[in-house]
Amino acid sequence: QVQLVESGGGLVQAGGSLRLSCGASGSIFSINDMGWYRQALGKQRELVAVITRGGSPDYSNSVKGRFTISRDNAKNTVYLQMNNLKPEDTAVYYCNALVRTWPGGFFKDYWGQGTQVTVSS
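(A) Quick peek at the pairing of strand E1 (residues 2-7). Alternating residues of E1 divide into Val2, Leu4 and Glu6, all buried, and Gln3, Val5 and Ser7, none buried. In this sheet, strand E3 (residues 18-26) lies alongside E1 in antiparallel orientation, the contact comprising six bridges. Within the sheet, the bridge partner assigned to Leu4 lies in E3 and is Ala24.

(B) View of the environment of Asn76. Position of Asn76 relative to the elements: it lies in the loop between strand E7 (67-72) and strand E8 (77-82). The partly exposed category is assigned to Asn76, whose relative accessible area is 22%. Between the C-alpha atom of Asn76 and that of Ser30, which follows or precedes it by 46 residues, the distance is 9.0 Å. The residues touching Asn76, leaving out its near neighbours within four places in the chain, are Cys22, Gly23, Ala24, Ile28, Ile31 and Met34.

(C) Quick peek at the packing of aromatic side chains. The tally for this structure, following the rule as stated, stands at one aromatic pair. For the ring pair Tyr37 and Trp111, a centre distance of 5.0 Å and an interplane angle of 65° mean the geometry is edge-to-face. Within this pair, whereas Tyr37 is found in strand E4 (residues 30-39), its partner Trp111 is found in strand E10 (residues 108-111), the two being separated by 74 residues in sequence. We classify Tyr37 as partly exposed; its relative accessible area is 24%.

(D) Expanded view of the sheet that holds E3. A sheet is described by the order of its strands in space; here four strands give the open sequence E1-E3-E8-E7, paired in antiparallel fashion. The open sheet has two edge strands with one neighbour each: E1 and E7. Looking at each pair of strands side by side, their axes are set apart by 15° on average, direction ignored.

(E) Quick peek at the side chain of Ser30. Examined against the element boundaries, Ser30 turns out to sit in strand E4. By relative accessible area, which is 16% here, Ser30 ends up buried. Other than its neighbours up to four places away in sequence, Ser30 contacts Leu98, Val99, Arg100 and Phe107.

(F) Examining the nonpolar core more closely. Ranked by internal contacts, the top residues of the largest apolar core, which has 29 residues, are Trp36, Leu80, Met82 and Tyr93. For this core, the elements supplying multiple residues, two or more each, are E1, E3, E4, strand E5 (46-51), E7, E8, strand E9 (91-100) and strand E11 (115-120). The element contributing the most residues to this core is E9, with five residues. Excluding residues that lie within four positions of it along the chain, Leu80 makes contacts with Leu18, Arg19, Leu20, Trp36, Val48, Ala49, Phe67, Thr68, Ile69 and Tyr93.

(G) Structural context of the pattern of salt bridges. Applying the stated criterion across every chain yields a total of three salt bridges. Of the charged contacts in the structure, one is a salt bridge between Arg66 and Asp89, with a shortest N-O distance of 2.8 Å. Of this pair, Arg66 sits in the loop between strand E6 (57-59) and E7 while Asp89 sits in the loop between E8 and E9, and the two are 23 residues apart along the sequence. Here Arg66 falls in the buried class, since its relative accessible area comes to 9%. Shared partners join several salt bridges into a network, and the residues in it are Arg38, Glu46, Arg66 and Asp89.

Definitions and limits used
- Residues numbered from 1 in each chain as written.
- Predicted model: local features only at pLDDT ≥ 70, side-chain atom pairs only at ≥ 80, totals over all residues.
- Heavy atoms only, no water.
- Buried < 20%, exposed > 50% of the residue type's maximum accessible area, 1.4 Å probe, protein only.
- Helix = DSSP H or I, 4+ residues; strand = E, 2+ residues; numbered from the N terminus.
- Pairing = 2+ DSSP bridges.
- Contact = heavy atoms within 4.5 Å.
- Phe/Tyr/Trp six-rings, centres within 6.5 Å; stacked < 30°, edge-to-face > 60°.
- Axes fitted to C-alpha atoms, helices over the stretch in contact; angles between N-to-C directions.
- Core = buried A, V, L, I, M, F, W, Y, C linked by side-chain atoms within 4.5 Å.
- Salt bridge = Lys/Arg side-chain N within 4 Å of Asp/Glu carboxyl O.

Written as structure tokens, this is what we have:
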């Protein structure tokens, strides 16, 4: 079994910053892509940013230039530095990881429980 635990959400004023962390633990053989998604009230979950095992990032257009994704492979942890936050960034943020639990297995999607980010105007 694999667990993803997020931390770092909270309430911040527009223009402020937050840093999210997500650590993976459990029966992990290797982790491929790791990423962050978000879901605002009444909307579908959307991709925010993703990073490959080798460290190549990709971002949604709405956060490009403001958010930075990074990872520490030794700690099985992914981070999301969010700067210049806007009220439209308000959402529950979910961590995602593609994990292989044994050498011959397939990569499978795992999700964290979500952390609330609220940006006030």
